[in-house]
Amino acid sequence: MSEPTSESLKTSRFTYRHLQGLRHGSTATPLRVIAHIDLDAFYAQCEMVRLGTPRETPLAVRQWDSLIAINYAARPFGITRLINVAEARKLCPDLVLQHVATFREGEGGRWAYRDDSFKNIQTDKVSLDPYRAQSRKILQTMKDTLATWSTNDAEGETSRQTQGVSAGLEKASIDEVFIDLSPVVFKVLVERYSELRTGVQDENRDTQLPMPPTTALQWDTDCLIDLNDSETEEDDPDWDDIVMLIGSEIVRSVRNAVWEKLSYTCSAGLGRNKMIAKLGSACNKPNLQTIVRNRAVQNFLGSYKFTQIRMLGGKLGEQITEVFGTEKVSDLLNVSLEQLRAKLDDHTASWLYGIIRGDDRSEVNPRTQIKSMLSAKSFRPSIRSVDQAEKWLRIFAADIYGRLVEDGVLENRRRPRVITLHHRTSQPQPHSKQTPIPPSSTIDENLLFDLANNLLRQVVAEGQAWPCSNLSLSVGSFQEGVTNNRAIESFLLRGDQAKALSHASRPRDADTPPTEQPTEKRRKLDDEMIKQFFGKPSSPENTGASGPEIPQPPLEAETEVAEIPRYTCPRCSRSILEYEREEHEDWHFAKDLASQDREDARALQPPPPPTTSSIRGSFSRGKGGRGGGGRGKPEKGQMRLAFQ
DNA sequence: CAAGCACCC
DNA sequence: GGGGGTGCTTG
């Protein structure tokens, strides 16, 4: 082990700047902690819970003649989603086969579990509502548990500035979430390690942190990814190991709460970003969590095909495979950035270069609310009349309306602004028609049905509607209701005041360029400009300049009384409430960090996610023929990039 | 805006 | 493969 004399003098690889990045959820800090939590065979577990089936009982969820979820007890029998019901029964005679709930023609918007649904593919439509309901409960339990970590003060002393931190939670699908644990891990970290509490002056932000006092970490039941070849478990842990340990403790408590309260198991991955966390959660299933420490990232990623990395599972991954003649991350590591740039557009090249080295700065989008709702049905055989189609539109409208009610249409919390009808004929490519939902209308089943029906008439009128093999209805572009609107308006008002204030009192901020109207917009008609103003309330300096993850400096409340102590910030000359001083200083610090990030970005090329048509030059896909060479990178794109 | 495309479970 | 989702680009 370590010699107490020389080793104890060692300092951490990390600085106070890195630590502050953790506090504010900076996407760049190497101390960041992201979790991905994935419910195990989710639909199957929903049915097990609903039916009270023991965990050892093999169970599969059935949709018509297919299996859409298989629990872990059934998997040893060789049952997969690719086989049909008859084959599954043969492999496992005792298999519990539960059909999904369905709507039935003529029974309104009520779904039900029916014994005979599998025989009624012609009249029934699948309902996933039971699973959405469970998903909501699980999400809420996760949030509640995270909240206990955020507000619980162990000692009451250190929590002064760290209380109320919240973990950003992104619902990635019905059975997956990403959590940015950074702020809450920071809170726990400074509570447990008093040596990290010392304030530090601006000019000392890059001072190394002291080494953690610990020499061995207790990882409990976690699964650890092996360290890179160059690393050894005998080395003392640094803070990036400690934050993962704290993160894993938090995630374990979240998973435990979901189990104790709702009887669901889930698996989790922890790492320094979303890509790593996501790959990690799939490593040890079911009911386990996997930690990818920073010192294990190279080893971890080296074993993957890059086509398994998020965003590379589709055509982009396919194209990269063709161009470079390999699917392996380890092979692609030997390709220089210049070589990547020769074959891919700059955007994609630098993103790819970073991502295979474990660099992913994408944010956890703190989003829980649904953005669109879709109700669909495939027809075998195809349908060929308006009459038949209308019956399904009734069911779609009822389905979606029921979900809108759950979402709060009745209380006017949210309402969709657009409705879309998708249809498919024998051609593989589906088509769609959409139309606005009249803003003043009361949304109900009939309204949705009428709008859908109008769209259907349009499709029919254009010909090519029959035979129809697939039909679906969706609503989207949600608008927040009046209650929230008032809150937003007052927020915007405060935002304007903030701007006025900042222009008046801040010396000069390179971050906030003088107001500059995009020239092409000048040509627009006045009323369009007005519409745009109200439609896009965030001005360039609001969206771009301060960066999404950086909190604005606290604003003074209008109702404030004079006796609250204040101080004048030496950096921006603003008068700040004394009790908000620390936060304000942190804000400056975050701003500094952000500009540092941007400088880094200019030098290194930032890693934004790839977009379409990323292959450079004449490489073209089967159809369309637009390789993307033309849309390279005008200067404006660069500017925008720098601000993101 | 409307429509399509890519990617994900 | 069927039933849902998200985000982006293009005309």
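All of these numbers come straight from a predicted model, not from anything done at the bench.

About the cut-offs
- Residues numbered from 1 in each chain as written.
- Chains lettered and ligands numbered in written order.
- Predicted model: local features only at pLDDT ≥ 70, side-chain atom pairs only at ≥ 80, totals over all residues.
- Heavy atoms only, no water.
- Helix = DSSP H or I, 4+ residues; strand = E, 2+ residues; numbered from the N terminus.
- Buried < 20%, exposed > 50% of the residue type's maximum accessible area, 1.4 Å probe, protein only.
- Contact = heavy atoms within 4.5 Å.
- Areas by Shrake-Rupley, 256 points an atom, 1.4 Å probe, with all protein chains shown as cover.
- Pairing = 2+ DSSP bridges.
- Core = buried A, V, L, I, M, F, W, Y, C linked by side-chain atoms within 4.5 Å.
- Salt bridge = Lys/Arg side-chain N within 4 Å of Asp/Glu carboxyl O.
- Axes fitted to C-alpha atoms, helices over the stretch in contact; angles between N-to-C directions.
- Phe/Tyr/Trp six-rings, centres within 6.5 Å; stacked < 30°, edge-to-face > 60°.
- pLDDT = per-residue confidence, 0-100.
- Parallel < 35°, antiparallel > 145°, perpendicular 65-115°, else oblique.
- Nonpolar A, V, L, I, M, F, W, Y, C, P; charged D, E, K, R; others polar.

## A word on the overall build of chain A
Stage number 1. Looking only at helices and strands, one finds 21 helices and 21 strands in chain A.
Stage number 2. Going through the 644 residues of chain A one by one, you find that 46% of them count as buried.
Stage number 3. The long-range share in chain A, meaning contacts at least 24 apart out of those at least 6 apart in sequence, stands at 69%.
Stage number 4. Within the structure as shown, chain A displays about 33300 Å² of accessible surface, and the carbon and sulfur contribution to it stands at 50%.

## Topic: the sheet that holds strand β13 (residues 289-291)
Stage number 1. What the 6 strands build is an open sheet, ordered β8-β9-β2-β12-β13-β11; its pairing is mixed. A strand with exactly one partner marks an edge of an open sheet, and here the two such strands are β8 (168-173) and β11 (223-224).
Stage number 2. Two elements, strand β2 (residues 34-39) and strand β9 (residues 176-180), share 5 bridges in a ladder whose sense is antiparallel. Across the sheet, residue A35 finds its bridge partner in β9, namely I179.

## Some thoughts on the nonpolar core
Stage number 1. Formed by 63 residues in total, the largest nonpolar core has its most connected members in I37, V61, M142, I179, L181, L189 and W239.
Stage number 2. Of the residues forming this core, the biggest block, 11 residues, is contributed by helix α7 (residues 239-262).
Stage number 3. With residues near it in sequence (within four places) discarded, W239 still touches S12, F14, L31, L189, Y193, E195, L196, L209, P210, M211, P212 and P213.
Stage number 4. Counting residues in each nonpolar core, the second largest holds 32 residues, with L447, C468, L471 and V475 among its members.

## Section: the pattern of salt bridges
Stage number 1. Enumeration over the complete set of coordinates arrives at 28 salt bridges.
Stage number 2. Here E406 and R136 are joined by a salt bridge, their closest N and O atoms 2.7 Å apart. On the criterion of sequence distance, the pair formed by E406 in helix α14 (residues 386-407) and R136 in helix α5 (residues 129-151) is long-range, its members being 270 residues apart.
Stage number 3. In the salt-bridge network here, residues are joined through shared partners; they are R13, D238 and D240.

## Overview of the sheet that holds strand β4 (residues 66-70)
Stage number 1. Read across the open sheet, the 3 strands follow the order β4-β3-β5; overall the sheet is mixed. Edge positions in the open sheet fall to β4 and β5 (96-99), since each of these has one partner strand only. With strand direction ignored, the average angle separating the axes of adjacent strands in the sheet is 35°.
Stage number 2. In terms of strand pairing, strand β3 (residues 59-63) meets β5 through 4 bridges, oriented parallel.

## Digging into the packing of aromatic side chains
Stage number 1. Summed over the entire model, instances satisfying the criterion amount to 7 aromatic pairs.
Stage number 2. Centre to centre, the rings of W111 and Y113 are 6.2 Å apart; their planes meet at 90°, and the pair counts as edge-to-face.
Stage number 3. Note on W111: relative accessible area 33%, which makes it partly exposed.
Stage number 4. A relative accessible area of 24% places Y113 in the partly exposed class.
Stage number 5. Relative to W392, the ring of F379 has its centre 5.7 Å away and its plane inclined at 55°; by these criteria the two rings are tilted. Of this pair, F379 sits in strand β14 (residues 372-383) while W392 sits in helix α14, and the two are 13 residues apart along the sequence.

## A word on the confidence of the model for chain A
Stage number 1. With 71% of its residues at a pLDDT of at least 70, chain A reaches an overall mean of 79.
Stage number 2. This model gives residues 1-7 a pLDDT under 50, and the stretch forms 4 contacts once residues within four places in sequence are excluded.
Stage number 3. This model gives residues 484-644 a pLDDT under 50, and the stretch forms 180 contacts once residues within four places in sequence are excluded.

## What to know about unusual backbone geometry
Most peptide bonds take the trans configuration, and most residues that are not glycine carry a negative phi.
Stage number 1. Note the cis peptide between R380 and P381, where omega equals 0°.
Stage number 2. Structurally, P381 can be placed in strand β14.
Stage number 3. Cis geometry marks the peptide bond from W466 to P467; its omega dihedral reads -5°.
Stage number 4. Relative to the assigned elements, P467 resides in the loop between α15 (445-461) and β18 (468-476).
Stage number 5. Here the phi dihedral of S263 falls at roughly 65°; this positive angle occurs in a residue that is not glycine.
Stage number 6. Secondary-structure assignment places S263 in the loop between α7 and β12 (266-271).
Stage number 7. When its relative accessible area of 34% is taken as the criterion, S263 is described as partly exposed.
Stage number 8. With a phi angle near 60°, N287 is a residue other than glycine that sits in the positive phi range.
Stage number 9. Within the secondary structure layout, N287 lies in the loop between α8 (274-281) and β13.
Stage number 10. Judged by relative accessible area, N287 falls into the partly exposed class, the value being 40%.

## Here we look at the packing of helix α3 (residues 42-51) against α5
Geometrically, a packed helix pair is captured by the angle between its two axes and the distance between the axes.
Stage number 1. At their nearest, the axes of α3 and α5 sit 10 Å apart, and the two run at 90° to each other. Classified by the angle their axes make, α3 and α5 are roughly perpendicular. Contacts between α3 and α5 involve F42, Y43, C46 and E47 on the former and, on the latter, Y131, Q134, S135 and I138.
Stage number 2. Class assignment of the residues belonging to the contact of α3 with α5 gives a composition of 5 nonpolar, 2 polar and 1 charged.

## A word on α3
Stage number 1. The element α3 is extensively covered by neighbouring structure, given that 7 of its 10 residues are classed as buried.
Stage number 2. Taken residue by residue, α3 has F42, Y43, A44, Q45, C46, E47 and M48 as its buried positions.
Stage number 3. In this structure, the buried residues of α3 make contact with β2, β3, β4, β5 and α5.
Stage number 4. One or two positions beyond α3, positive phi appears at G52, with a value near 70°.

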